[in-house]
Amino acid sequence: ASACLTNKTWQEALNNPTTIPEGLGGKLAMSNPMSPDYFYRVMTSNLDGTDHKIHAKGYDVSLSPDNRQIIYSSDTGLQLMDLKSGLVTPLIDTWKNDSDPIWSPDGSLIAFTRGSASGGIGAPGPYSIVIAKPDGTQQIPVVENGEANNVMAWFSDGKNLLYTVTGPNGASVNSINISTMQISHYFNTNYIHSNIALSPDEKQVAHEVMLPGENYGIQISDLDGSNPRLIVDAAPIVATRPQWSPNGDWLVVSVSDESFLDTPVLALVEIDTCQIIPLTTIKGSVRTWNP
């Protein structure tokens, strides 16, 4: 079957904009480089673009389950911000190569990817996965094996983490129980930098794939990689960073279209109907979509 978001359906959606369906909402957290210096900033916004706020220089932002705090990466380590007061507190014993912080479902813990203190940001490992309190205390390495491990998501039980291990030809998608340290392998991707988004019912994942001609695509599949379905195949447009809606019916993806001066905008894709809704007033890559 054809993908939902293609170059053709994207242009059609831009030319015939529709409103966000009633009942679909929530709070987004995202990051994007911004003028005049084009450093990354972390932001939050309602899905309809209201209450859009730029908070600080940073990236890899994660919104707490109660929507009151964010944790994000910066050049000096992970940072915790109270959204009401704007108070920023550096996380204890974190540094610039710590990235991708994500809150546990109950907000009592975070997990993040730890890079080598001596390596450059984005260097090819080794990376470990660490859990800690939201202030950075009580750090416990849960995956520390010299490989390029990258944390992706918490399972709803707060006991298991979804993560990838980058290899030369793709990434292995695994989970680990943070109490027993038991690892389960699900499937392999064909793109080394795949971001894996876990559906709210934990039965499916969405992630980037590399299509023929080195074109980016996004597909969904069952958690074990079976029943894959291509959702985005929009070359020369590039779509990345899928995130599921809280009800599991939609994906939001970051669309890089030269019509928008190389600034990524957002697109909603309904899984069942393939409806496309451009969110051109919201820029960046979404890292959290909360109710």
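Scroll up a little and you will see the structure.
Keep in mind it's a predicted model, so treat the numbers as computed, not measured.

(A) The environment of Gly225, seen in detail. Position of Gly225 relative to the elements: it lies in the loop between β18 (215–222) and β19 (229–233). With 38 residues separating them along the chain, Gly225 and Phe187 place their C-alpha atoms 5.3 Å apart.

(B) Representation of the state of the cysteines. Taken as a whole, this structure holds one disulfide when the rule is applied. Between the sulfur atoms of Cys4 and its disulfide partner Cys274 the distance amounts to 1.9 Å. Taking the sign of the S-S torsion, -55° for the link of Cys4 and Cys274, the bridge is left-handed. Of this pair, Cys4 sits in the segment before α1 (7–15) while Cys274 sits in the loop between β22 (265–270) and β23 (276–283); the two residues are 270 residues apart in sequence, bridging distant segments of the chain. A relative accessible area of 3% places Cys4 in the buried class. Residue classification places Cys274 among the partly exposed residues on the basis of a relative accessible area of 26%.

(C) Quick look at the pattern of salt bridges. Within this structure, the stated rule accounts for seven salt bridges. A salt bridge links Arg287 to Asp60; its shortest N-O distance comes to 2.6 Å. Linking Arg287 in strand β24 (residues 285–290) with Asp60 in strand β4 (residues 59–63), this pair joins segments that are 227 residues apart in sequence. The class for Asp60 is buried, based on a relative accessible area of 10%. Sharing partners across several salt bridges, the network here consists of Lys27, Asp51 and Lys53.

(D) Representation of the nonpolar core in the model. In this structure, Leu5, Trp10, Ile231 and Val255 are the most contacted members of the largest nonpolar core, which totals 22 residues. Within the residue set of this core, elements represented by two or more residues are α1, β18, β19, β20 (238–244), β21 (250–256) and β22. With residues up to four places along the chain from it excluded, the contact list for Trp10 reads Leu5, Ile237, Val255, Asp257, Phe260, Val265, Leu266, Ala267, Ile276 and Pro278.

The rules behind these values
- Residues numbered from 1 in each chain as written.
- Predicted model: local features only at pLDDT ≥ 70, side-chain atom pairs only at ≥ 80, totals over all residues.
- Heavy atoms only, no water.
- Helix = DSSP H or I, 4+ residues; strand = E, 2+ residues; numbered from the N terminus.
- Disulfide = S-S within 2.5 Å.
- Buried < 20%, exposed > 50% of the residue type's maximum accessible area, 1.4 Å probe, protein only.
- Salt bridge = Lys/Arg side-chain N within 4 Å of Asp/Glu carboxyl O.
- Core = buried A, V, L, I, M, F, W, Y, C linked by side-chain atoms within 4.5 Å.
- Contact = heavy atoms within 4.5 Å.

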